[in-house]
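This is what each chain is made of:
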Amino acid sequence: MSAFRFELQGTAGAARAGTFHTPHGPVETPAFMPVGTLGTVKGITAAELRDLGASMILANTYHLYLRPGHELVRELGGLHEFMRWPGPILTDSGGFQVFSLSGIREIRDDGVEFQSHIDGSRHLFTPESVMEIQRALGADVVMAFDECPPGGASRAQAEEANERTLRWLERCRARFEALELETPAEGVERPRQSLFPIVQGNVFEDLRQAHARQIRTMGDWDGYGIGGLSVGEAKPDTYRALEVLDGELPRDRPRYLMGVGYPEDLLEAVSRGCDLFDCVAPTRNGRRGSAWTLDQGQVNFKAARYARDRLPLDPGCDCLACTTVDRAYIRHLIVADERLAERLVSIHNLRFLTRLAGTARARVLDGSFPEWARDWLERYRKAGV
Ligand SMILES: [Zn+2]
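A brief look at the structure comes next. Fair warning: this is a prediction, and the values are worked out from it, not measured in the lab. (Residues numbered from 1 in each chain as written. Predicted model: local features only at pLDDT ≥ 70, side-chain atom pairs only at ≥ 80, totals over all residues. Heavy atoms only, no water.)

1. Section: the pairing of strand β1 (residues 5-12)
And then number 1: In terms of strand pairing, β1 meets strand β2 (residues 15-22) through 7 bridges, oriented antiparallel. Its bridge partner lying in β2, alanine 12 is registered against alanine 15.
And then number 2: Between β1 and β2, which follow one another and run antiparallel, lie 2 residues, and glycine 13 among them has a positive phi close to 65°. (Pairing = 2+ DSSP bridges. Helix = DSSP H or I, 4+ residues; strand = E, 2+ residues; numbered from the N terminus.)

This is the structure in structure tokens:
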């Protein structure tokens, strides 16, 4: 039996509850994956991630390739051993970063040439090199190298990106399979990995549909990434793309909606059939003192009105921050620019999403998902006004 297996345990409309089995343990879905860009979820230890309910985490190929370098990570035992995270890990392909973050880049048919954001040095990512880097990092799930066109891309751009992504997927798979057959160096454990393709197509429903079909024709994948959404398009466009894909992607494989993880977006996507999510917002907002709360929406606790507020950040939350300190203290830490503020608010935000995903799962399993999701979204949206 494959080391990667998805059990679908319940559905409610398009929403799903399942378990994704990996060599480093199971992931109960829907699940939010905290982003450990450089092999660290900023400011949060591996033990704290476990405590706040994270089961699978994500790391960035682009960043780890530049620093400390994938060969060094391999030498130190791979990413799990390096960062002492025993659970499942997913690495992205670096595609999104080289397309969106790096300044000067050139897209060619063989790959993408880009400049390091650290020292300006020039590098080339190809489908093959990205598979080699992700092999060295040793994550459970590795993502195909894709072209992610920007939000607002034209239909012609989206079509061209779809075609290139397919050609690159073929090359990714060929290199991935060749690497699987290689005998690892003595003393190095052979990583067990799964390659996920990425469905592109921007907001064009027929292109999404066609791309999903073409990718499925190429093989029986363990799971599917959905890329190129939440890049500035209108929300109804995101939802329509997901609704189209729900009918195209196999029901018995996990679907990973890349880069999506604001609370309401996560829940809207769960109700349209997505299972796995990641987003840097919990820690990025945490660093700015901005926390998600069920009754007030997203709140920046730096405001003076919280100076004497003895309530927890979010009164219903069971996280380390909410069960130990109050808003008045956190507000003081934010104003004084104390690092503990970032940590506490980040922990809360991460917990907010793992709880939301976990509750969605429980509600799918007990049959109450549609009403619960509707009420939750109504309450959260009203709060945010
Ligand atoms: Zn909390």
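2. Notes on the sheet that holds strand β11 (residues 194-196)
And then number 1: The parallel open sheet is built from 9 strands, whose spatial order is β11-β10-β6-β5-β4-β15-β14-β13-β12. Single-partner strands in this sheet number two, and they are β11 and β12 (198-199).
And then number 2: Bridging between strand β4 (residues 31-36) and strand β15 (residues 276-279) involves 4 bridges; their strand directions are parallel. By the bridge assignment for β15, alanine 31 is matched with leucine 276.

3. With respect to the coordination of the zinc ion
And then number 1: Around the zinc ion, the protein contributes the donor atoms Cys317 (SG), Cys319 (SG), Cys322 (SG) and His348 (ND1), which lie 2.1 to 2.3 Å from the metal centre.
And then number 2: Within one chain, the residues serving as donors to the zinc ion are arranged as C-x1-C-x2-C-x25-H. One end of the pair, cysteine 317, is in the loop between β17 (297-300) and α12 (320-324); the other, histidine 348, is in helix α14 (residues 339-366), with 31 residues separating them in the sequence. When sorted by exposure, cysteine 317 lands in the same class as histidine 348, which is buried. (Donors = N, O, S within 2.8 Å, 3.2 Å for Na, K, Ca; no water. Buried < 20%, exposed > 50% of the residue type's maximum accessible area, 1.4 Å probe, protein only.)

4. Observations concerning unusual backbone geometry
The phi angle of most residues is negative, glycine excepted, and most peptide bonds adopt the trans form.
And then number 1: A cis geometry characterises the amide bond from threonine 29 onward to proline 30, with omega recorded as 5°.
And then number 2: Along the chain, the position of proline 30 falls in the loop between β3 (25-29) and β4.
And then number 3: Cis peptide bonds are those with omega within 30 degrees of zero, and the linkage from arginine 67 to proline 68 qualifies with 10°.
And then number 4: Residue aspartate 337 is not a glycine yet carries a positive backbone phi of 60°.
And then number 5: Positionally, aspartate 337 belongs in the loop between α13 (327-335) and α14.

5. Things to note about a nonpolar patch on the surface
And then number 1: A cluster of nonpolar side chains, namely Leu72, Leu76 and Phe82, defines an oily patch on the protein surface of about 240 Å² accessible area.
And then number 2: Tracing the backbone through its elements, the reader meets leucine 72 in helix α3 (residues 70-75).
And then number 3: Given the relative accessible area of 35%, leucine 72 is considered partly exposed. (Patch = residues over 30% accessible without salt bridge, like charges linked within 9 Å, V, L, I, M, F, W, Y side chains within 5 Å. Areas by Shrake-Rupley, 256 points an atom, 1.4 Å probe, with all protein chains shown as cover. Salt bridge = Lys/Arg side-chain N within 4 Å of Asp/Glu carboxyl O.)

6. A short note on the pairing of β4
And then number 1: Within β4, 6 of the 6 residues are buried, which leaves it mostly tucked inside the rest of the structure.
And then number 2: Residues Ala31, Met33 and Val35 of β4 are buried on one face, and the alternating residues Phe32, Pro34 and Gly36, pointing to the opposite face, are buried as well.
And then number 3: Alignment of β4 against strand β5 (residues 57-59), held across 2 bridges, turns out to be parallel. Paired with valine 35 across the bridge in β5 is leucine 58.
And then number 4: Crossover handedness for the path β4 to helix α1 (residues 46-51) to β5: right-handed. (Right-handed = clockwise from strand over helix to strand, strands pointing away.)

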